[in-house]
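The chain contents come next:
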Amino acid sequence: MKQSASMSRQLDPALVGALADSPLEEGRRGRGSAYNHRRDAAIRPILQAIHDGRSILVTAHARPDGDAVGSVLACGMMLEQLGKQATMAFSDRVPLIYRWLPCAQSIQHWQRVDGDFDLVILLECDGIERSRLKGLEGRRLINIDHHTSGRNFAHLNWIDTDACAVAEQVFTLARTAEVRITPEMATCLYMAVLTDTGSFCYEGTDTHTFSLAHELVRLGACPPRIAQDVYFSNPMSKMLLLGAALANLRRDGRIAWLWVTTSDMERTNAAEEDCEGIVNYAIGIAGVEVAVFLRELPDHRVRLSLRSKGAVNVASVAESLGGGGHENASGCTLPGPMPAASDSILARLRTLF
Ligand SMILES: [Mn+2]
C-alpha cells in the first residue's frame, strides 16, 4: 500500500503508558470509568506490540463485509503512519461494492500466509480458522473483535461487545496512538460503521454511534458519496438474485424465511456477495421478529443468515450451530440438503417464542 513517507511516524513508547482520552465517551449505557479502564488495559499491550513489531499483517474473517474491509484498510493505513510495513490480506476477494475504497487495491487475496510477519492482527475472528487463511499457526496474534462470540484465542485480545463496529475499535486504537486520521481512513471507518449498524438502524445505535459518525465526517468522510457507492452501485446480478429469493419468501407468524439454490445463483450469474442483505427483506415485514435467508452452497451445505428485531437473540442460535454474530444479526452453516436445513432451523427458531 502507498502512503506518503512524510506521514510516517514512529509510535512514541511514552504514549503506551499515557493513553489519550477518547473524545467519544458519551452515550452508551455502561460506558463509564470501569469500561474505559478495561478498554485501556486491553489497548496498552496491543500498542506496545505494534511498537515492537516491524512487519505486520492485518486480516479479518473470510467473506469480508463492510466492517471487515473498511477496518482492515484503516488499520493498515494507521500502521503505515506508525512507520510499520503493513500488509493486508483476505482469503476471499474484496466484494465489488468495496473496491472503490482508498487502498483497496493493495489488499492481497491469499489462501496461505507465507513470509515473515512480526505480528498478525485479526479483526472480527473468534479463532484463526475464521480468517480461512492457512499458515497462521504459531504466529504472534492480536485479536480485536466486537462480537458476542469473541474468544480470547490470541496472544493479545481486545473484545468490546459495546463497539458498534470493529471500526470503532480501530478508530480508538488510532486515536490512542495519536495517529492522524486522514480523510481516507475516515472514509473507510465511516463506511464500516454505516454498514455494520445497518445504516444506523440496528439495536445499540445511540448517541455514541452518531458521535463517532460525526467525528468521521468531520475528519473527511463524505456520507452521500459513501452511500452512493455502497447502496446505489449494485450489479444487476444482485437484483435478479433478490427476485429469485423473494419468489421463495415464506412466513409463519413471527418467523419469515427465504432461500436461493445453486441453480438460482447460476441462472442470475450471481456472486456470493450478491446474497448480502437479502435477509433484510424478510425481517422487514411487519410483525416478523426473526428471519432467515438460506443459501445452498455448491457442496450442498446451506449457509444461513439470521436477523431479529428487539430482544430476540439470534447470536445464541447461530453459536449453538457453530456460527456466530450479534444478537440481531448472525450466521452459520448447516449440512444439506436445503429442505433438511430449512426444517431444522425453523424448528430451532420456533422454540424462541
Ligand atoms: Mn463488525
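Conventions used here
Residues numbered from 1 in each chain as written. Predicted model: local features only at pLDDT ≥ 70, side-chain atom pairs only at ≥ 80, totals over all residues. Pairing = 2+ DSSP bridges. Helix = DSSP H or I, 4+ residues; strand = E, 2+ residues; numbered from the N terminus. Axes fitted to C-alpha atoms, helices over the stretch in contact; angles between N-to-C directions. Contact = placed C-beta atoms within 7 Å. Parallel < 35°, antiparallel > 145°, perpendicular 65-115°, else oblique. Nonpolar A, V, L, I, M, F, W, Y, C, P; charged D, E, K, R; others polar. Buried ≥ 20, exposed ≤ 12 C-beta atoms within 10 Å, placed from the backbone.

Peer 1: Help me understand the sheet that holds strand β12 (residues 329–334) in this model?
Peer 2: Across a sheet, paired strands are connected by hydrogen bonds in the backbone, their directions being either parallel or antiparallel. An order of β7-β8-β9-β10-β12-β11 is seen for the 6 strands of this open sheet, with the pairing classed as mixed. With one partner strand each, in any of the chains shown, β7 (250–252) and β11 (324–326) form the two edges of the open sheet. When the angles between neighbouring strand axes are averaged without regard to direction, this sheet yields 20 degrees. Of the pairings in the sheet, the one linking strand β9 (residues 290–296) to strand β10 (residues 302–308) comprises 7 bridges and is antiparallel in character. Each residue of the ladder has a partner; that of Arg 295, found in β10, is Arg 303. Contacts from helix α8 (residues 236–247) reach β8 (255–260) and β9 within the one sheet, and its direction differs from that of β8 by about 130 degrees.

Peer 1: How should the packing of helix α4 (residues 166–176) against helix α5 (residues 183–196) be read in this particular structure?
Peer 2: Between two packed helices, what matters for the description is the angle formed by their axes and the separation of those axes. At a minimum axis separation of 9 Å, α4 and α5 run at an interaxial angle of 150 degrees. Of the possible angle classes, the one that applies to α4 and α5 is roughly antiparallel. For the pair formed by α4 and α5, the contact residues are Ala 167, Glu 168, Val 170, Phe 171 and Ala 174 on the first element and Met 185, Leu 189, Ala 192, Val 193 and Asp 196 on the second. The class makeup of the residues in the contact of α4 with α5 is 8 nonpolar, no polar and 2 charged.

Peer 1: Looking at this structure, how should I read the pairing of strand β5 (residues 141–145)?
Peer 2: Successive residues of a regular strand alternate their side chains across the two faces of the sheet. The buried fraction of β5 amounts to 5 of the 5 residues, a majority that puts the element mostly inside the structure. Both faces of β5 are covered, namely the face carrying Leu 141, Asn 143 and Asp 145 and the face carrying Ile 142 and Ile 144. Pairing geometry for strand β4 (residues 119–123) and β5, over 4 bridges, is parallel. Following the sheet pairing, Leu 122 is matched in β5 by Asn 143. Relative to strand β6 (residues 156–159), β5 runs parallel, the two sharing 4 bridges.

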